[in-house]
Amino acid sequence: MPLDHLSDDDYDRLARYIAGEGKTVERAETERWAAADAERCAALLAIQLAWRTPSADPGWNLDAAWTKVSAELPRIALGDDLGAPILSIAIRRRWWHDTARVMQVAATAIVIIGGALLLPQLRPDGGSVVATVAASTYSTRSGERRTVRLPDGSTVILGVSSTLRTREGYGSGAREVELDGEALFTVEHDAGRPFRVFAGGTMIEDLGTAFAIRRYPADARGAATLRVAVSAGSVAIHRGTSADTTIVLKPREVATVRDANVVTVRRDVDVAPFTAFASGRLIFVDTPFADVAEELRRWYGVEVRVTDDALLDRHLTSEFQGESLDEVLRIIGLALDLRFTRSGNRVDFMAKVGVTVAPQLPSEQLAEAGA
């Protein structure tokens, strides 16, 4: 990327983002702005690596390095070919604009030489570079999903109304993040830098896997449940400090952790409904209407009110992808035989006039009863 491709304001914006400045909304907007352009994204990654990577003293021979650089400066200033490819450095400072070309070349050459010496320090085991970065926060709003690529190469798809925070020192040792909401993790496994997710007092540790975690704050009924679904590899779930509380999940296994520390594990489960959010699908499988109402709030940003409590016990099985809110409401009304009214961002559900709503048993209870 040419040095002058981005303006000073652009570089200031990236620098403020990396320094952790600004509100969550402003930082999210900067991330979207950078992701929309390949060169902005490259600049962000380059600055992040150069400015946030701590380095121990590598024992450089600075005198020898300067001797080598200074010997080439006259030829570079005259435009002579050095016989080697010239790297484009995306990182700059304001003073580069008003400084002589020789100083620009000298600064560039020093960065190139320093980078060549630094890279081996970042690859202690010959593996991929993992930069240690400051704590960062990523959030989504109602109806918004977001893909986050962490410095180690791991990918996180955040669900609606969710927040992911990387802890200070991510990458220097354990890679630790905190989650509020829902996310699908695809982790670059590294035994020397374990990947851990903290959600609702529970630690979920990667053992080489892809897995989905869901843990929203308590809903209107006061329930706050953590759910972990594994689609590949395995994860370990830790509650408290005792080894007896550790549970290892394998593919097609789903664990549910309730506030009372009761852990339930289901095996040989189709995990597609638990990861569908990552591709923009909203799937309900025999879901209580109380939970459906909460999902409508998160996905569409509406206030949902149910005038008849008996409706909360009804169960919905349906799948949505890309439908408008009005279409979703129409389908729910038909499926559950109820009425609704919508006024702006408020939706009211009610029983049909003259119809008494009886509690609906879950499908497995209906089967046991011979229905």
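Here the structure is shown first, and the text comes after it.
Residues numbered from 1 in each chain as written. Predicted model: local features only at pLDDT ≥ 70, side-chain atom pairs only at ≥ 80, totals over all residues. Heavy atoms only, no water.

Draft legend 1. Structural detail: the pairing of strand β5 (residues 175-186). Burial of β5 is extensive: nine of the twelve residues sit out of reach of the surface. In this structure, strand β3 (residues 155-158) lies alongside β5, joined through four bridges in antiparallel fashion. Paired with Leu-158 across the bridge in β5 is Ala-183. Taken together, the four bridges between strand β4 (residues 163-166) and β5 define a ladder with antiparallel strand orientation. Residue pairing in the sheet places Thr-166 in a bridge with Val-177 of β5. Looking at chain direction, β5 and strand β6 (residues 195-199) are connected through four bridges and run parallel. Within the sheet, the bridge partner assigned to Val-177 lies in β6 and is Val-197. Note: β5 against strand β8 (residues 210-215), six bridges, orientation antiparallel. From the neighbouring strand, Ala-183 faces β8, where its bridge partner is Ile-213. (Buried < 20%, exposed > 50% of the residue type's maximum accessible area, 1.4 Å probe, protein only. Helix = DSSP H or I, 4+ residues; strand = E, 2+ residues; numbered from the N terminus. Pairing = 2+ DSSP bridges.)

Draft legend 2. Representation of the packing of helix α1 (residues 8-18) against helix α2 (residues 24-35). Between α1 and α2, the shortest axis-to-axis distance is 10 Å and the interhelical angle comes to 125°. Relative to α2, the element α1 is oriented oblique. The crossing of α1 and α2 is left-handed. Across the interface between the two elements, Asp-10, Arg-13, Leu-14, Arg-16 and Tyr-17 of α1 pack against Arg-27, Glu-29, Thr-30, Glu-31 and Trp-33 of α2. Considered class by class, the residues forming the contact of α1 with α2 number three nonpolar, one polar and six charged. (Axes fitted to C-alpha atoms, helices over the stretch in contact; angles between N-to-C directions. Parallel < 35°, antiparallel > 145°, perpendicular 65-115°, else oblique. Left-handed = near helix turned anticlockwise from the far one by under 90°. Contact = heavy atoms within 4.5 Å. Nonpolar A, V, L, I, M, F, W, Y, C, P; charged D, E, K, R; others polar.)

Draft legend 3. Highlighting the nonpolar core. With 36 residues, the main nonpolar core has Phe-185, Phe-195, Val-197, Ile-204, Phe-211, Ile-213 and Val-228 as its most contacted residues. For Phe-195, the contacting residues outside a window of four places in its chain are Leu-150, Ser-154, Tyr-170, Arg-175, Val-177, Phe-185, Val-187, Ile-204, Glu-205 and Asp-206. Counting 25 residues, the second-largest nonpolar core is a separate cluster that includes Leu-311, Leu-316, Phe-320 and Ile-332. (Core = buried A, V, L, I, M, F, W, Y, C linked by side-chain atoms within 4.5 Å.)

Draft legend 4. Up close: helix α8 (residues 325-336). Between its first and last C-alpha atoms α8 spans 16 Å; for twelve residues at 1.5 Å apiece the expected length is 16 Å, and the two agree. Buried within α8 we find Leu-325, Val-328, Leu-329, Ile-332, Gly-333 and Leu-336. All buried residues of α8 lie within an arc of 135° about the axis, which places them on one face of the element. Here the buried face of α8 lies against α7 (289-300), β16 (315-320), β17 (338-343) and β18 (346-351). Two residues or fewer past α8, Asp-337 is found with a positive phi of approximately 55°. (Expected span 1.5 Å × (residues − 1). Arc of directions from axis to C-beta.)

Draft legend 5. Structural view of the pattern of salt bridges. Overall, the coordinates contain 22 salt bridges when judged by the stated rule. Between Arg-165 and Glu-178 there is a salt bridge, and its shortest N-O distance comes to 3.2 Å. Here Arg-165 is found in strand β4, whereas its partner Glu-178 is found in strand β5, with 13 residues between them in sequence. Since its relative accessible area comes to 26%, Arg-165 is described here as partly exposed. A relative accessible area of 24% means that Glu-178 is categorised as partly exposed. The partner of Glu-178 in a salt bridge is Arg-167, and the shortest N-O contact between them spans 2.9 Å. Taken together, the residues Glu-178 in strand β5 and Arg-167 in the loop between β4 and β5 connect sequence positions eleven residues apart. (Salt bridge = Lys/Arg side-chain N within 4 Å of Asp/Glu carboxyl O.)

Draft legend 6. Representation of the packing of aromatic side chains in the model. Applying the stated rule across the entire model yields five aromatic pairs. Taking the centre distance of 5.9 Å and the plane angle of 65° together, the rings of Phe-185 and Phe-195 count as edge-to-face. Pair noted here: Phe-185 is in strand β5 and Phe-195 is in strand β6, with a separation of ten residues, a long-range link. A residue is classified by how much of its surface remains accessible, and Phe-185, at 0% relative accessible area, is buried. (Phe/Tyr/Trp six-rings, centres within 6.5 Å; stacked < 30°, edge-to-face > 60°.)

Draft legend 7. A look at unusual backbone geometry. Of note in this structure, Arg-252 is not a glycine but carries a positive phi near 65°. Following the sequence through the fold, Arg-252 ends up in the loop between β11 (247-249) and β12 (253-257). Since its relative accessible area comes to 40%, Arg-252 is described here as partly exposed. Unusually for a residue other than glycine, Asp-337 sits at a positive phi of about 55°. Position of Asp-337 among the secondary structure elements: in the loop between α8 and β17. The class for Asp-337 is partly exposed, based on a relative accessible area of 39%.

Draft legend 8. Focus on the packing of α7 against α8. With their axes 12 Å apart at the nearest point, α7 and α8 run at an angle of 175° to one another. On the basis of their axis angle, the class for α7 and α8 is roughly antiparallel. Residues Phe-289, Val-292, Leu-296 and Tyr-300 of α7 pack against Leu-325, Val-328, Leu-329, Ile-332 and Leu-336 of α8.

Draft legend 9. Representation of the sheet that holds β17 within the structure. Overall, mixed pairing links the three strands, which are arranged β15-β18-β17 in an open sheet. Of all the strands in the sheet, just β15 (303-306) and β17 have a single pairing partner and so form its edges. For this sheet, the mean angle separating the axes of adjacent strands, direction not counted, is 20°. Across six bridges, β17 lies against β18 in antiparallel orientation. Note that in β18 the partner of Ser-343 across the bridge is Arg-346. Against the sheet, α8 engages β17 and β18, with an angle of about 160° to β17.

Purely geometric numbers; function is a separate question.
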